[in-house]
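Here is how the chains run, residue by residue.
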Amino acid sequence: MENVIYTLHDFMLRTESLTYILIVAALCGFIFFWRFLSERDDGRDHLGADRPGGHHR
Amino acid sequence: MPDRKIVIQKPALTPFNVVAGIIVAVGLIITVIRFTQGLRATTNLSDYNPWGIWIGFDLLVGVALAAGGYVTSAACYIFGLKRFHSAVRPAILTGFLGYALVVLALHYDVGRPWRLPYPFIVQQGTTSLLFEVAACVALYLTVLFIEFTPAALEWLGLKRARSIVAKLTLVLTIFGVVLSTLHQSSLGALFLIAPSKLHPLWYSPYLALYFFVSSIIAGLSMVIFEGSLAHKHFHDKMDAEHLREADGVALGFAKAASWVLAGYFIIKVIGIAQTNAWNYLGSGYGLWFLVEMLGFVLLPCYFYAIGAREKNLKIIRRTAAWTVLGIVVNRFNVGMIAFNYHLPSSERYFPHWMEIGISVFVVTIGILAYKFIVTHMPILYAHPDYDAH
Amino acid sequence: MSISRRRFLGWLSAAGAGTTLGRSAHAAGGTHFTGYPDSLGVLFDATRCIGCRKCEEACNKVNELPAPQKPFSDLAVLEGRRRTDAKTYTVVNRYENVPGAKGPLYRKIQCNHCLEPACASACFVRAFAKNSNGAVTYDESVCVGCRYCMIACPFEIPTYEYDKAFTPRIMKCTFCHPRLLKGQLPGCVEICPAEALTFGKRRNLLKIARERIELFPGRYLDHIYGETEMGGTAWLTISGVPFRELGMREDLGTTPAPELTKGALSVVPVVASMWPVLLTGVYAISQRREKIAREEQAAAVAEAVAKAQAEAKAKHTEAMAKAEKDKKAAIDREVKKALDEAAKAKAQESAAAAAADKKPS
Ligand code: SF4
Ligand code: SF4
Ligand code: SF4
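Note that the structure is predicted; figures quoted are calculated from it, not measured. (Residues numbered from 1 in each chain as written. Chains lettered and ligands numbered in written order. Predicted model: local features only at pLDDT ≥ 70, side-chain atom pairs only at ≥ 80, totals over all residues. Heavy atoms only, no water.)

Draft legend 1. Just the packing of helix H9 (residues 169-189) of chain B against helix H10 (residues 207-233) of chain B, in detail. All names here are of chain B. Relative orientation of the contacting elements H9 and H10 amounts to 130°, with a least axis distance of 7 Å. Comparing their axes, H10 and H9 come out oblique. In this structure, H9 crosses over H10, and the sense of that crossing is right-handed. Residues Thr181, Gln184, Ser185, Leu187, Gly188 and Ala189 of H9 form the contact with H10, whose own contacting residues are Leu207, Ala208, Phe211, Phe212 and Ser215. For the contact of H9 with H10, the residue count by class is six nonpolar, five polar and no charged. (Axes fitted to C-alpha atoms, helices over the stretch in contact; angles between N-to-C directions. Helix = DSSP H or I, 4+ residues; strand = E, 2+ residues; numbered from the N terminus. Parallel < 35°, antiparallel > 145°, perpendicular 65-115°, else oblique. Left-handed = near helix turned anticlockwise from the far one by under 90°. Contact = heavy atoms within 4.5 Å. Nonpolar A, V, L, I, M, F, W, Y, C, P; charged D, E, K, R; others polar.)

This is the structure:
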């Protein structure tokens, strides 16, 4: 009885909780992965890093 | 450029100050009643009508009208439309104030406001769309606060902190768009759970999409509307860049708003087709629905287009105000007018004057805060010591 | 599930426990759920109810609710239409002049203890729990008072203590959960003198209801309200007149409440993960375009400079050549002039010599 999910509500409670954790992890992961991806670029595209001369009007 | 030294002014007895003072005083009195006597004493809420204008206006309309922040910063920083740069700061400011006031108003509405952090720290009701709204609003308020800080930090002269925040611009902008997409749409999705209570013309599986798309319209229109108000009252605070770009912002945003309104109209019609709600169009609610669709969607769509084609700022500004009103109408419809449509009129909700009082009070606080900030901080002009970010 | 255990379910345990799914047919594939198999329920038979309000009284007593303004014996309150409120978990309403009915009809209202409760699905602090015995219970210790559960409930059951400034609660029928745990009957069921309320396992109640309908086809409509409404409810109703005549909505549909929000909820992770990808892409493209524009501009400037330089150089060489030519011409001219002069001088000389030759002779 303990391990079986009987209601859709319970089921969604579990899947949604996991989903929210995954979303947070994904968003953090994205930042690092994008930095990794653009690290070797000419310094204009990576987040949070110096953008000499870039990003001006 | 305004002087940054604090000038001590005598509070002048202008009509604006007198009216604002009265509203604030009344608001404070109602606040005391609300928090000592409870909701019964200050609202017309009932067991049939658990949500009134503190949700229908302060939350639904407030959040929609504060969408200018994410729309403008996305246009400028993500889509690279740098000619809108001078519009970003004012839009972020109104966004931030808007959300701060939404959260303030929620403290009046919920029964035990001190428990507002409970969904995050005590128990997570992850199946609830309200959970999603709460999480996104809380996070987005934080994002807007950080996005707004450069202006405050420049005002305070904290260069180092300001340059750190400036570097985060892109991350914050993207995060802001994600959060806004989510909670703007989820505010509509809140009503998905009550198909038996919301009139079929407004209930649609597309509710979330409707709320999201109309929030873009609201954001664009608010930037134009607010820009025209700011021009009237804070012209002296604007620098050359702002003044040079302002007309371009209005024209560009009008064109965008017209285009989005066209798309919005189409998906609304398709929504009716999907739920096969055509036969309701003949009823009283149907008439009101047509007023909303034709008067507040199609009409502004057309006038924005004319304004953008003929470069007529007067038409654009009036249309913006009208569209903002249209957003209010739409949110009122979903939240109150078409909600509980099945109940006899004796059970229907009409706001208590104190509820209206608090809503007016909250808006007034917003205007006062806006006024203080634009007269003191570099919002409508770029600070001479700093680069744009 | 006890309250303490439910509280214990934090983020991780709530999510992690999901890994145990799929062990039984009930959760196969995680798509179809039929509710707790041993769920209890109550069958309300509208043809038996006599409108005595005894259940209201018993409910008031066992739940220790405040005494009403008018005593329960006063049947005059049946004149008006009432609903549950913060001091009343259940009410009985009278419906008169119902077509096809001989006398007035009555219906008891209380929480239907849905199999998939909309209130629980809507609550953002999980204040509601669907217990394995069928009862939907509420935990006031976490409730924020947003009243979204009241918006969500299709039967308009939850009520709010609007009068209280500091400790307002949601109030609704608990299925007498504490009594059930002790093995007692719900207060209202226990007292009903007309046996309008039948308590038992929900699946047995469905059988009983069907039997009654079959045995007395003239007395009942062939529908068990609550069997499928909103995904099914633990409390069921059978009646001899259409349910709308008893103030019950017939347009609720069979979709359980969580299903209504599932679609919107499932879009959330998609937006949260694909928006950053798309937006960063758009950003990178706009940056790139800007960079290319910058580079093109720079290239154009360089080209213009080079062209100007080349032109200048060409002009210079030309000028030089011209100067050279001029110089050469000048020299030529000078030389020619000198030669001419020399020739002239020579001629003069020879002429003079000739003259001199003539003179001395
Ligand atoms: S009837 Fe309403 S309050 Fe009762 S369980 Fe169902 S949704 Fe919840
Ligand atoms: S009012 Fe309380 S129980 Fe109802 S949804 Fe809000 S937090 Fe949950
Ligand atoms: S089950 Fe208990 S709480 Fe519910 S109506 Fe009957 S007596 Fe009242």
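Draft legend 2. The arrangement of the packing of helix H11 (residues 240-275) of chain B against helix H12 (residues 284-309) of chain B in detail. Residues and elements named next belong to chain B. Relative to each other, H11 and H12 sit at 150°, their axes nearing to 8 Å. Considered as vectors, H11 and H12 are oriented roughly antiparallel to each other. The hand of the H11/H12 crossing is left-handed. Here the contact of H11 with H12 is composed, by residue class, of 19 nonpolar, two polar and three charged.

Draft legend 3. Expanded view of the nonpolar core. Core analysis: the biggest nonpolar cluster contains 197 residues, and Phe148, Leu190, Phe191, Leu198 and Ile379 of chain B together with Phe128 and Tyr148 of chain C have the highest contact counts within it. Examining the composition of this core, we find that 14 residues originate from one element, helix H7 (residues 129-156) of chain B, more than from any other. Ignoring anything within four residues of it in the chain, the contact list for phenylalanine 148 of chain B reads Ile92, Leu93, Phe96, Ile373, Met377 and Ile379 of chain B. The next biggest cluster of nonpolar side chains, apart from the first, holds nine residues, and it includes Leu205, Ala209, Ile213 and Ile224 of chain C. (Core = buried A, V, L, I, M, F, W, Y, C linked by side-chain atoms within 4.5 Å. Buried < 20%, exposed > 50% of the residue type's maximum accessible area, 1.4 Å probe, protein only.)

Draft legend 4. The environment of proline 68 of chain C, seen in detail. Along the chain, proline 68 of chain C falls in the loop between helix H3 (54-62) and strand E2 (91-95). For the pair formed by proline 68 of chain C and threonine 88 of chain C, sequence separation is 20 residues and the distance between their alpha carbons is 8.5 Å.

Draft legend 5. Representation of the pattern of salt bridges in the model. Taken as a whole and judged by the stated rule, the model has 21 salt bridges over all chains. Between arginine 203 of chain C and aspartate 38 of chain C there is a salt bridge, with the nearest N and O atoms lying 2.6 Å from each other. You can see arginine 203 of chain C sitting in helix H8 (residues 202-215) and its partner aspartate 38 of chain C sitting in the loop between helix H2 (11-16) and strand E1 (40-45), a full 165 residues away along the chain. The network of salt bridges with shared partners includes Arg112 of chain B together with Glu140, Glu161, Lys164 and Arg169 of chain C. (Salt bridge = Lys/Arg side-chain N within 4 Å of Asp/Glu carboxyl O.)

Draft legend 6. The packing of aromatic side chains, seen in detail. Counting across every chain of the model gives 29 aromatic pairs over all chains. Their ring planes at 50° and their centres at 5.7 Å tell us that phenylalanine 96 of chain B and phenylalanine 145 of chain B sit as a pair that is tilted. Linking phenylalanine 96 of chain B in helix H5 (residues 85-109) with phenylalanine 145 of chain B in helix H7, this pair joins segments that are 49 residues apart in sequence. Phenylalanine 145 of chain B sits in the partly exposed class, given a relative accessible area of 41%. With a centroid separation of 5.2 Å and 85° between ring planes, the pair formed by tryptophan 202 of chain B and phenylalanine 289 of chain B is classed as edge-to-face. Of the two residues, tryptophan 202 of chain B sits in the loop between H9 and H10 while phenylalanine 289 of chain B sits in helix H12, which places them 87 residues apart along the sequence. Considered together, tryptophan 202 of chain B and phenylalanine 289 of chain B belong to a single accessibility category, that of buried residues. Aromatic rings pair up to connect Trp51, Phe191 and Phe339 of chain B together with Tyr148 of chain C into one cluster. Over the face of the ring belonging to phenylalanine 211 of chain B we find arginine 331 of chain B, whose NZ or CZ atom lies 3.9 Å from the ring centre. (Phe/Tyr/Trp six-rings, centres within 6.5 Å; stacked < 30°, edge-to-face > 60°. Lys NZ or Arg CZ within 6 Å of the ring centre and 35° of its normal.)

Draft legend 7. View of the site of ligand 3. Inspection of the region around ligand 3 gives 14 residues, with Cys59, Asn63, Cys173, Cys176 and Cys188 of chain C positioned closest. Split into classes, the residues belonging to the shell around ligand 3 amount to eight nonpolar, five polar and one charged. (Near = heavy atom within 4 Å.)

Draft legend 8. Structural detail: the interface of chain B and chain C. With 61 residues of chain B in contact, the opposing surface of chain C contributes 61 residues. Roughly 5400 Å² of surface becomes buried between chain B and chain C when both sides are summed, with 60% attributable to carbon and sulfur atoms. Where chain B touches chain C, the interface holds four salt bridges. A salt bridge links aspartate 109 of chain B to arginine 147 of chain C; its shortest N-O distance comes to 2.9 Å. (Buried area = accessible area lost by both parts, 1.4 Å probe.)

Draft legend 9. Geometry of the sheet that holds E1 of chain C. Residue and element names in this part refer to chain C. The strand order across the open sheet formed by three strands is E8-E1-E9, and the pairing between neighbours is mixed. Two strands close off the open sheet at either side, each with one partner strand: strand E8 (197-201) and strand E9 (235-238). Neighbour-to-neighbour, the strand axes of this sheet turn through a mean angle of 25°, independent of strand direction. As defined by bridge partners, E1 adjoins E9 across four bridges and the pair is classed as parallel. Opposite phenylalanine 44, over in E9, you have threonine 237 as the bridge partner. (Pairing = 2+ DSSP bridges.)

Draft legend 10. Quick look at a nonpolar patch on the surface. All names here are of chain B. Taken together, the side chains of Leu13, Val18, Ile22, Val26 and Trp353 make up a nonpolar region of the molecular surface, amounting to roughly 530 Å² of accessible area. The element best represented in the nonpolar patch is helix H1 (residues 15-37), accounting for three residues. Locating valine 18 in the fold gives a position in helix H1. Exposure remark for valine 18: the relative accessible area of 37% places this residue in the partly exposed category. (Patch = residues over 30% accessible without salt bridge, like charges linked within 9 Å, V, L, I, M, F, W, Y side chains within 5 Å. Areas by Shrake-Rupley, 256 points an atom, 1.4 Å probe, with all protein chains shown as cover.)

Draft legend 11. Structural view of the state of the cysteines. Enumeration according to the criterion identifies zero disulfides over all chains in this entry. Between cysteine 55 of chain C, a cysteine without a disulfide, and cysteine 188 of chain C, which holds the nearest cysteine sulfur, the sulfur-to-sulfur distance is 6.3 Å. (Disulfide = S-S within 2.5 Å.)

Draft legend 12. Focus on unusual backbone geometry. Residue and element names in this part refer to chain C. Phi at phenylalanine 175 takes a positive value of approximately 60°, unusual for a residue other than glycine. Along the chain, phenylalanine 175 turns up in the loop between strand E7 (170-171) and helix H6 (177-181). Within the chain, methionine 230 stands out as a residue other than glycine whose phi angle is a positive 50°. The residue methionine 230 is located in the loop between H8 and E9 in this model. Residue classification places methionine 230 among the buried positions, given a relative accessible area of 3%.

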